[in-house]
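One-letter residues, chain by chain:
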Amino acid sequence: MIEKKTYQLFSSVQHYEWGTKGKKAYIPNLLGIDPEDKPYAELWIGAHSTLPSKIMIEYKLIELNKLIEKFPNEILGERVSKQFNKKLPFLLKVLSAGQALSIQTHPNKEQAEKLNQKDPKNYPDDNHKPEIAIVLTTLNTLVGFKNPNEILDNLNKYPPLKEFLGEETVSVFELSLQNKDNSLDNIRNTFSKLIKNSSDVSALSNCINSIVQIISKKTDLDETEKLFLELKSDYGIDIGLLTLFFLKNLQLVEGEAIFTPAGVPHAYLKGDIVECMANSDNVVRAGLTPKFKDVETLLNIVSYEDNDPIITGHYSNEVMTKYSPPIDEFQIEKIELDNNGIELFTKDQVEILLVIKGEVNISIDNGSNGILTYTKGEAIMIPALVDQYKIYTETTAIVYRVTIP
């Protein structure tokens, strides 16, 4: 039975190859554990069936998704339970990248349903996956397309790239820019040709190796060129290297965030983030990965819209910074406490908290049900049964709070 109290979530780590390793790995330090000799990539906090968190009920650890099936209204709240078909609508993660993730994008809701029906092995969810990444340390990422003139500059800078695309494709692209035609079709046609031509492994290899020779003769490399050589060392001959000349390369600092809606191509290259997404694990990959690549699907769903993806959190009060992406599934607040506290209201729906720094006390009903203490690395579920609660600390603490708009 779910009671009117807070519940600690016991969550698990994904050890993907791109995760950070060793004593400086972010996730083991967050959890306060000695790292084993393997990468620590993602800490999953939520009710996704692939790796659900667990809750202690009557001295037994029970998976959160199974508890929600039994007590949807008590945990989620009636409105959320009805709106999201008795499922927790979001998945919270801590992601720590030591090397690049795959070049990828995510389907929208309609596309996800079709992909799940057609290929449930590679697309296990019928849900979309808009996501936000809030930087914990630093983040280097590729996201969205450069403007057409920047892409043309790169084509002129690296003749092997022009040759790989083909004279006709490049001529059409150049002519359209000369005519000041900045329609999205310009990038779409050129990028599609780039990806499709990657099936010719010999041509791809010649292009990449020729660009390596050009870069190697230079003494002053720009960030893209340094990244090109680094990824060549990690992944060898891979089409993902050539996408560097088409995608924006952004460096973000602590507190900045990036929202990635459906269709936007992206790849986290290096850094540590709190990541939240709709409850889905659907990924359409095109490069920088040994995993399943689906070039045809990616080209069908990729978005070429030019947008500014960086979100700056806004202050709700003196201790809270809110990040509100334009979706229904979640919003995030960063709560920073320094020997003080804040009273919060659940609005009769579930919340999840993650302590990133320090130690916090949480009380319900002015402490009449006792006070529980949670420390760095611990996650907490506040069920909808709880109307209001207070977080306070006698030291310095940082907590991320996920709610549903």
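See the structure printed just above.
As the structure is a computational prediction, the values presented were derived from the model and not from experiment. (Residues numbered from 1 in each chain as written. Predicted model: local features only at pLDDT ≥ 70, side-chain atom pairs only at ≥ 80, totals over all residues. Heavy atoms only, no water.)

Enumeration according to the criterion identifies 7 aromatic pairs in this entry. Ring centres 4.9 Å apart and planes at 85 degrees place the aromatic pair Phe-145 and Phe-191 in the edge-to-face group. In this pair, Phe-145 sits in strand β8 (residues 131-145) while Phe-191 sits in helix α9 (residues 184-197), placing the two residues 46 residues apart along the sequence. Both residues of the pair, Phe-145 and Phe-191, belong to the buried class. Given the relative accessible area of 3%, Phe-145 is considered buried. Among the aromatic residues, those joined into a cluster by ring pairs are Phe-145, Phe-191, Phe-246 and Tyr-304. The ring of Tyr-16 has Lys-291 sitting right over it, with the charged end atom 4.2 Å from the ring centre. Residue placement shows Lys-390 over the ring face of Tyr-392; its charged tip is 5.6 Å from the ring centre. (Phe/Tyr/Trp six-rings, centres within 6.5 Å; stacked < 30°, edge-to-face > 60°. Helix = DSSP H or I, 4+ residues; strand = E, 2+ residues; numbered from the N terminus. Buried < 20%, exposed > 50% of the residue type's maximum accessible area, 1.4 Å probe, protein only. Lys NZ or Arg CZ within 6 Å of the ring centre and 35° of its normal.)

In this structure, Leu-161, Phe-191, Leu-194, Ile-211, Phe-228 and Leu-242 are the most contacted members of the largest nonpolar core, which totals 47 residues. Among the elements that line this core, the one with the most residues is helix α10 (residues 201-216), at 6 residues. Once residues lying within four places of it in the same chain are set aside, the contact partners of Phe-191 are Phe-145, Thr-243, Phe-246, Leu-298, Leu-299 and Tyr-304. (Core = buried A, V, L, I, M, F, W, Y, C linked by side-chain atoms within 4.5 Å. Contact = heavy atoms within 4.5 Å.)

In this section: a nonpolar patch on the surface. A cluster of nonpolar side chains, Phe-10, Met-56, Tyr-59 and Leu-61, forms an exposed patch at the surface whose accessible area comes to about 470 Å². Along the chain, Met-56 falls in strand β4 (residues 54-57). (Patch = residues over 30% accessible without salt bridge, like charges linked within 9 Å, V, L, I, M, F, W, Y side chains within 5 Å. Areas by Shrake-Rupley, 256 points an atom, 1.4 Å probe, with all protein chains shown as cover. Salt bridge = Lys/Arg side-chain N within 4 Å of Asp/Glu carboxyl O.)

One non-glycine residue with positive phi stands out, namely Leu-288, at about 55 degrees. Inspection of the secondary structure puts Leu-288 in the loop between β12 (284-287) and α13 (295-301). Of note in the backbone geometry, Lys-347 takes a positive phi value of approximately 55 degrees without being a glycine.

Attention shifts here to the pattern of salt bridges. The final tally for this structure, using the stated rule, is 15 salt bridges. Residue Glu-42 is joined to Lys-93 by a salt bridge in which the shortest nitrogen-to-oxygen separation is 3.2 Å. With Glu-42 in strand β3 (residues 42-45) and Lys-93 in strand β6 (residues 90-97), this residue pair connects regions lying 51 residues apart in the sequence. Taken as a pair, Glu-42 and Lys-93 share a single burial class, namely buried. Glu-333 serves as the salt-bridge partner of Lys-322, at 3.7 Å between the closest nitrogen and oxygen. Separated by 11 residues along the polypeptide, Lys-322 in strand β15 (residues 320-323) and Glu-333 in strand β16 (residues 331-338) bring together distant segments of the chain. You can call Lys-322 partly exposed: its relative accessible area is 21%.

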